[in-house]
Amino acid sequence: MKIQQFKKLENEEWIGLQKYETVLKNPLILVLGNRYQLENPTILSEIRELFSDGEIIFGSTAGEIIGERVYNNSIAITAIEFEKSSFVIESENILSCNLDALALGERLMDKLPKEGLQHVFVVSEGSFVNGSALITGLESKYDGVTFTGGLCGDDARFEKTLVGYNENPKEGEIVIIGFYGDSLNISYGQYGGWTPFGPERIITKSSDNILYELDNQPALDLYKKYLGDKASELPKSALLYPLSVKAHNRKEAIVRTVLSIDEENNTMILAGDVPEGSVVQLMMANIDNIVDGAYQAAIRGMQSRSSQPELAILVSCIGRKLVMDQRVEEEIEEVIESVGAQAIISGFYSYGELAPFTAGNSCELHNQTMTLTLFSE
């Protein structure tokens, strides 16, 4: 596996972070950046000047991770040449295909060759897609295939997110990368670190990812009551107080954050499904616990590995970034301590993180969670 990375800070030139004498052959090129930077109409041609060959995937972020640093208003490129394995990329646009997220996930997986498929990494639009339904659709086709990835971000603006495959990024796009080859060793981990508080309540009315009532009371009214003065800053302020959602058929609680609110209907739209009958509790942050959560995620990712990782793709939540503020790079340092300094680090802050709870389990949509996918050949 050969890897090259570039970064471009706002109003600056591209800077290469690794030096190779040879040109990468048919690399997978991940371009993760601030939405405003990716809206530059010359962005595709700029990447092609750096890499005349290869498959380019764009994703907007709420912060870019490259090495041990976290950047804002930048673009981070990680280009990977797989020497013993291969990959296939497919994409669809949820705005133009007239399908819901579940059906779109099924269509995407129908496009991927089945033989030898080991793992699928997802780069999805993040401003309105139902991530839970997307995962259900993706997983409905093939047994024994694992999934990780993330929903793209737009800082704390929540205006729109952009994704693209070999074209300038746009709204509504969802891209999947299928990885093939027996020599490829892929593992993953996830962990949160948030602390539940306050009374437990029951979801008495919901529809997919729309929350109507808690304990037969309007959910938005109750949530605003807890937020107090911060209610006027919704949905941004919701990132500081996510919900722990424990469905009756699940062993572990899922963390959910609010993507948007509907004042007219007094409802909250969350990043993933919130089933009726689930037990809900507010959560708050302790920075030391959140930083330790990143370390725990890396420990989980390293448990099942037979070799040291060469590449680590981190997808962490914008809510963690906002809470940690100036300490945000501490969680990247914790990951590096666990996975080893030999691994190239790439990733982004997202509106939703995709990873199984444990090895071999089905994928889940997480919020407020550090996830990582580790690669080696």
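Look above for the structure.
Thresholds applied
The residue count restarts for each chain, going from 1 along the sequence in the order it is written. Under the rules for a predicted model, residues below a pLDDT of 70 receive no local features and side-chain atom pairs below 80 are neither given nor counted, while totals for whole chains, interfaces and linings still include all residues. For the side-chain quantities, the full set of heavy atoms in the structure was used; hydrogens and water were omitted. Helix and strand assignments come from DSSP, with helices taken as H or I runs of at least 4 residues and strands as E runs of at least 2, each series counted from the N terminus. Atoms considered for the radius of gyration are the C-alpha atoms alone. The globule rule reads 2.2 Å times the number of residues to the power 0.38. Each residue is assigned to one of three classes by its accessible area relative to the maximum for its type, calculated with a 1.4 Å probe on protein chains only: buried under 20%, partly exposed between the two thresholds, exposed over 50%. Any two residues whose heavy atoms approach within 4.5 Å at even a single point are treated as in contact. For the purpose of charge, His is not counted, nor are the chain termini; Lys and Arg are scored as positive and Asp and Glu as negative. Note on charges: their place is set at NZ of Lys, CZ of Arg, CG of Asp or CD of Glu. Whenever a nitrogen or oxygen atom comes within 3.5 Å of another N or O atom, the pair is scored as a polar contact, on the condition that within protein one atom can donate a hydrogen and the other can accept it, and that pairs from neighbouring residues in sequence are kept only if both atoms are in side chains. We call a set of buried Ala, Val, Leu, Ile, Met, Phe, Trp, Tyr and Cys residues a nonpolar core when their side-chain atoms join them within 4.5 Å.

### Examining the overall build of the protein chain
Tallying secondary structure elements over the protein chain gives 8 helices and 26 strands in all. Taking 21 Å as the expected radius of gyration for a compact globule of 377 residues, we find that the protein chain reaches 20 Å, a close match to that expectation. For the protein chain, the spread of C-alpha atoms along the principal axes amounts to about 65 × 45 × 40 Å. Among the 377 residues that make up the protein chain, the fraction classed as buried is 58%. Contacts in the protein chain between residues at least 24 apart in sequence constitute 79% of all its contacts with a sequence separation of at least 6. Positive and negative side-chain charges in the protein chain, numbering 31 and 55 respectively, have mean positions lying 1 Å apart.

### Quick notes on the side chain of Arg-320
In this fold, Arg-320 is placed in helix α7 (residues 318–324). Overall, Arg-320 belongs to the buried group, its relative accessible area being 0%. In terms of polar contacts, Arg-320 uses its side chain to reach the side chain of Glu-331, at 2.8 Å. Apart from the residues within four sequence positions on either side, Arg-320 is in contact with Tyr-191, Gly-192, Trp-194, Ile-290, Gly-293, Ala-294, Glu-331, Gln-368, Thr-369 and Met-370.

### Digging into the nonpolar core
Met-109, Val-120, Leu-314 and Val-339 are the most contacted members of the largest nonpolar core, which totals 58 residues. Take this core: its biggest share by element is 6 residues, from helix α6 (residues 287–303). Ignoring sequence-local partners within four residues, the contact set of Met-109 consists of Leu-117, Val-120, Leu-138, Lys-141, Tyr-142, Phe-147 and Ile-176. If you look at the next biggest cluster of nonpolar residues, it comprises 25 residues, including Leu-28, Ile-80, Ile-177 and Val-315.

It is worth stressing that arrangement in space is one thing and function is another; only the former is reported here.
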